[in-house]
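Inside the fold
What follows is the residue order along each chain.
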Amino acid sequence: MNSESKKWPQFLVVITATIAVFTTGLHTGWPAPSLPKLLSDEYPFDVTNEEASYITIIGSLGNFFGSFVGNIFLDKIGRRKTILMIALPQLVSLLCIILSYQVMELLYVGRFMGGIGEGMTITVILLYIGEIAEPTIRGTLATLVSITWYSGVLFVNIVGSYLSIRDTAITFIALPVLFVLLFYKMPESPYYLLMNNDEEQAERALKFLRRQSDVTQELTKLKLDVNRQMSERGTFKDIFTIDSNRRAFFVTVGARFFQLATGVASFNLYLQLLLKEATHTLDPDVGSTIVLLIQLIMTVCSTFIIDKWGRKPLLLFSSTGCFINLAVQSVFFILKERTAVDVSVVDWFPLVMMFLHIFLYSIGLGVVVSVLTSEMFSASIKAKLICLVNACYALLTLVYTKYYQFTADEFGLVVPFLSFAVLTFVGVLFIWFVVPETKGKSLEEIQQKLKGRGRRTENTVI
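Scope of this entry: the structure provided in the associated data block. (Residues numbered from 1 in each chain as written. Predicted model: local features only at pLDDT ≥ 70, side-chain atom pairs only at ≥ 80, totals over all residues. Heavy atoms only, no water.)

A few words now on the overall build of the protein chain. Along the protein chain, the regular secondary structure elements total 23 helices and zero strands. For 462 residues, the compact-globule formula gives about 23 Å, and the C-alpha radius of gyration of the protein chain, at 22 Å, lands near that figure. Once the C-alpha set of the protein chain is aligned to its principal axes, its extents read approximately 70 × 50 × 40 Å. Pairs at least 24 residues apart make up 84% of the contacts formed inside the protein chain by residues separated by at least 6 positions. With an accessible surface of roughly 18,000 Å², the protein chain has 67% of that area assigned to carbon and sulfur atoms. Each charge sign in the protein chain was given a centre, from 39 positive and 37 negative side chains, and these centres are 10 Å apart. (Helix = DSSP H or I, 4+ residues; strand = E, 2+ residues; numbered from the N terminus. Rg over C-alpha atoms; globule rule 2.2 N^0.38 Å. Contact = heavy atoms within 4.5 Å. Areas by Shrake-Rupley, 256 points an atom, 1.4 Å probe, with all protein chains shown as cover. Lys, Arg positive; Asp, Glu negative; His and termini not counted. Charge placed at Lys NZ, Arg CZ, Asp CG, Glu CD.)

What follows is the structure in structure tokens.
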């Protein structure tokens, strides 16, 4: 080891942790290839459209509870051990899906347990990355979560399109075990260790993460930052009574609300059914794979620019593009479903616009909102705030998904697409006037900014 900080140990730790994120992506993307099979003769039990919708959204309910499960253990047993616990609900989820061919109700249990794993993943891993990463690469490391997440979504779409639901689950059953074996030796968060006055272990963890022989300067600064942040109270009530906590909560929940308002979560869950209804240009299996591949590629691209361009410019570009795209698609579906205009000559249009929508979403909203969530909170309240933000995210996913399914079935695609367009326009205004820029700032500098002690940036309202 030498005196110059190395970045590769931080990448190693995060890449190992994202094996659990990949498995979570499998759970998130599972409905897209599986719903057509559940509604066909391929599955051994008869499943109605209504039952299929609840099988889909019960994962979000599990996500909601998983957020609180993660929060319970984060500050009690530490970030590292809580992350290792994610493997348990993930393993149970896959086993239940396999056994659902004998007992159909186990499918609900499997989806719910997968949701618990998802909630724990979002709550814990982003927080862990925010605490172990240097400010210059924190955004890049956080985008690795999105990359592996979307890789899981893409992979299950490909495998699930050609294998049965049971065989797909069998294919992935070893992943939770592999994750535990590889992540077991990774270090605890220095922030957590200092929160528990274990300065010796915090120094050891920093030496591993920075690959430096002397980390005294950074350790001293971290200790001062943690002590200052821990001097504030840290109850759920303090989220709303302390001004900086309330602002951080408002920004992150608002960002999550408008992220989902683009409709992407709903589109991904119902992707193959959506493409089947909207266009006949491509087979839904192929079309959905292309859509998800675009999502993955653009997420990878965002890794290289998020710490150069900044969070806010990417969010504005992404949300504005999504609004225009949704508005144009709404006009198309109005012509197709509400008028006598023959749009069959441009049957390819919804597919192309979906490609573009995913492109625009993934370059900004799909990544940056998660990065903000890992950066915005004080050490004293971080676990509780991330838990509450993710619980809101899970409930919003449930509501948006059910809203899309109900309105699309009852009124056609015009209503959900037009609704999403209007909400996304409001989201553009929210980002412009409310969301702060956090690029290149330490976690303590972000806290001082939220308290109004930092220099205001142009077009930013804290």
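Attention shifts here to helix H6 (residues 106-132). Counted at 1.5 Å a residue, the expected span for H6 with its 27 residues is 39 Å, and the 38 Å between its end C-alpha atoms agrees. Taking burial as the measure, the 27 residues of H6 include 23 buried ones, the bulk of the element. (Expected span 1.5 Å × (residues − 1). Buried < 20%, exposed > 50% of the residue type's maximum accessible area, 1.4 Å probe, protein only.)

Our next topic: the nonpolar core. Within the largest apolar cluster, 104 residues are counted, with the highest numbers of intra-cluster contacts made by Ile83, Ile125, Phe183, Phe267, Leu315, Met376 and Phe417. Element by element, the count of residues in this core is highest for H6, at 11 residues. Those residues within four positions of leucine 315 in sequence are excluded, and the remaining contacts are Gly364, Leu365, Val368, Val369, Leu372, Ile431 and Val435. Phe22, Leu35, Tyr43 and Leu175 belong to the second largest nonpolar core, which has 21 residues in total. (Core = buried A, V, L, I, M, F, W, Y, C linked by side-chain atoms within 4.5 Å.)

Let's shift gears to helix H3 (residues 49-77). The end-to-end C-alpha separation of H3 is 42 Å, in line with the 42 Å expected for 29 residues at 1.5 Å each. At isoleucine 57, H3 shows its maximal kink, close to 25°. Just downstream of H3 lies glycine 78, where phi reads positive at about 105°. (Bend = angle between axes of the 7 residues up to and from the residue.)

Following both chains from N to C, one finds helix H5 (residues 87-99) and helix H9 (residues 175-183) inclined at 160°, their axes separated by 8 Å at the closest point. As far as their axial angle goes, H9 and H5 are roughly antiparallel. Our pair here, H5 against H9, has a crossing hand that is left-handed. In this structure, H5 uses Ala87, Gln90, Leu91 and Leu94 to contact H9, whose residues at the interface are Pro176, Phe179 and Val180. Classifying every residue of the contact of H5 with H9 by side-chain character gives six nonpolar, one polar and no charged. (Axes fitted to C-alpha atoms, helices over the stretch in contact; angles between N-to-C directions. Parallel < 35°, antiparallel > 145°, perpendicular 65-115°, else oblique. Left-handed = near helix turned anticlockwise from the far one by under 90°. Nonpolar A, V, L, I, M, F, W, Y, C, P; charged D, E, K, R; others polar.)

Taken as a whole and assessed by the stated rule, the structure comprises four cavities of 30 Å³ or more. Roughly 430 Å³ of volume is contained in the largest cavity. Listing elements by their share of the lining of the largest cavity, those giving two or more residues are helix H1 (8-29), H3, H6, helix H7 (135-162), helix H14 (243-260), helix H15 (264-269), helix H20 (365-375) and helix H21 (382-411). Tallied by class, residues from the lining of the largest cavity come to 12 nonpolar, 14 polar and three charged. Roughly 170 Å³ of volume is contained in the second largest cavity. (1 Å grid on protein atoms, 1.4 Å probe; cavity = no way out; pocket = protein on both sides within 12 Å on 5 of 7 lines; lining within 4 Å. Points joined across faces, edges and corners; volume = space filled by probe spheres on them.)

Everything listed here is a matter of geometry and, on its own, says nothing about what the molecule does.
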